[in-house]
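Okay, here's what each chain looks like letter by letter:
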Amino acid sequence: IRGGSATGRELAQSFMPAGPLGGLLGMVVTAVVWSVVFALSLDIARATGSYDYRSFFRRLLGPGWVLFEAAYLALLLLILAVLGAACGEIVTHEAGVPKWIGTVLFMLCIAVLVFAGSRAIERFFSVWGIVLYVAYVAFFSTALVAFDDPIAAALRSEEGVKPGWFSGGLSYASYNLVTAPALLFCARYQMQRRESLIAGALAGPVAMLPGILFFITMLARYPEIAAAPVPLQVLLDALEMPLLAVFMQIAIFGTLVQTGIGVLHGFNERLVGRREEGKRSGGVIRDTRTARVLVSLSLCV
């Protein structure tokens with residue numbers, strides 16, 4: 001469940017041009033693509049023992065794996081920069097402190113989880129997924145009661161389905177799939193092909209459902225909300241419920257941390273995979289929790 005879509009900006013940009021119903025159809029396309037590709041990726045990782053993106057793409061692309069490495073590192077730095085800035089904005093908005101405090105807090109959360117290791121990261125992913133779902137269900141339920149008439153009017157409007165819903169869903173799915181190889185460490189739990197395919201099939205709907213709920217609430221201010229820099233803030237201001245606003249901002253902050261740790265842990269798993277190769281070849285490559293923390297903080301900085 002990506003932190004990048006938590007403000008609603010990506011959803012408005014990718015799906016709203018297709019209209020209210022067209023946007024929902026585009027999200028279905030995204031969920032299907034995610035499920036298919038992630039299911040296949042999990043099964044390839046399971047079958048080949050490729051639990052980090054380096055070994056995965058060496059199996060998949062041969063010598064061409066370095067192309068993904070270069071693209072991934074560039075994207076990693078971009079993602080961390082955007083997430084760090086977003087966390088700074090959230091903390092500033094809620095606590096009135098300088099933006100750098102939120103960014104440093106973001107970095108410290110990542111450092112703690114990286115030091116705790118893969119099991120702690122897996123538990124955090126699971127628990128925070130539940131927190132995020134509770135937040136979005138509470139937000140959706142409240143907004144649906146408050147804005148039921150404008151949402152229904154938007155869904156019944158003549159602009160229901162516009163051209164471009166399929167390409168919009170495919171585009172959104174495609175550029176977000178780059179984070180999937182960072183999650184391949186989860187494939188260690190898939191013992192059979194059936195398990196890989198079921199896990200992958202669930203991934204698309206689970207990841208897309210919060211976005212669908214959010215998109216439906218955004219229809220309360222359709223079409224002007226499509227141009228809003230932070231659609232979520234527009235809706236929270238309209239609801240005038242400070243406690244819900246704080247809960248949502250906390251949930252989003254944690255989701256931004258989740259996204260950051262996901263892409264960073266993918267890089268750390270790549271280093272672990274390289275260490276294991278070094279051991280098998282008689283090398284002396286070492287990897288410690290402290291080293292991974294230092295690498296992660298360096299990339300954040």
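To keep things clear, this report deals only with the structure shown in the data block. Remember, predicted model here, so these are calculated numbers, not experimental data.

## A closer look at the packing of helix α2 (residues 20-48) against helix α3 (residues 53-61)
Between α2 and α3, the shortest axis-to-axis distance is 10 Å and the interhelical angle comes to 95°. As summarised for this structure, α2 and α3 are arranged roughly perpendicular, according to the angle between their axes. Each of S41, I44, A45 and T48 in α2 lies in contact with α3, whose residues at this interface are F56, R59 and L60. Looking at side-chain class alone, the contact of α2 with α3 contains four nonpolar, two polar and one charged residues.

## Points about the nonpolar core
With 80 residues, the main nonpolar core has F106 and F139 as its most contacted residues. Of all the elements, helix α11 (residues 242-280) adds the most residues to this core, at twelve residues.

## Some words on the side chain of E69
Residue position: E69 is located in helix α4 (residues 65-95). With a relative accessible area of 10%, E69 lands in the buried category.

## Some remarks on α3
All of the buried residues in α3 are Y53, R54, S55, F56 and F57. Looking one or two places after α3, you find G62, whose phi comes out positive at around 65°.

## Section: the pattern of salt bridges
One pass over the full model with this rule turns up four salt bridges. One salt bridge in this structure joins D43 and R46, with 2.9 Å as the shortest N-O distance. Here D43 pairs with R46, and both are found in helix α2, just three residues apart, close to one helical turn. Taking the relative accessible area as the measure of exposure, D43 reaches 9% and is therefore buried. A salt bridge links K162 to E159; the shortest N-O distance between them is 3.7 Å. Looking at K162, the relative accessible area reads 27%, which means it is partly exposed. Within this structure, D43, R46 and R193 form a network of salt bridges that share partners.

## A word on the environment of V161
Along the chain, V161 turns up in the loop between α7 (148-156) and α8 (165-176). Each C-alpha atom, one on V161 and one on A18, is 5.9 Å from the other, the two residues being 143 residues apart in sequence. Among all residues touching V161, those that are not within four sequence positions of it are A18, L21, G22 and L25.

Cut-off values and rules
Residues numbered from 1 in each chain as written. Predicted model: local features only at pLDDT ≥ 70, side-chain atom pairs only at ≥ 80, totals over all residues. Heavy atoms only, no water. Axes fitted to C-alpha atoms, helices over the stretch in contact; angles between N-to-C directions. Helix = DSSP H or I, 4+ residues; strand = E, 2+ residues; numbered from the N terminus. Parallel < 35°, antiparallel > 145°, perpendicular 65-115°, else oblique. Contact = heavy atoms within 4.5 Å. Nonpolar A, V, L, I, M, F, W, Y, C, P; charged D, E, K, R; others polar. Core = buried A, V, L, I, M, F, W, Y, C linked by side-chain atoms within 4.5 Å. Buried < 20%, exposed > 50% of the residue type's maximum accessible area, 1.4 Å probe, protein only. Salt bridge = Lys/Arg side-chain N within 4 Å of Asp/Glu carboxyl O.

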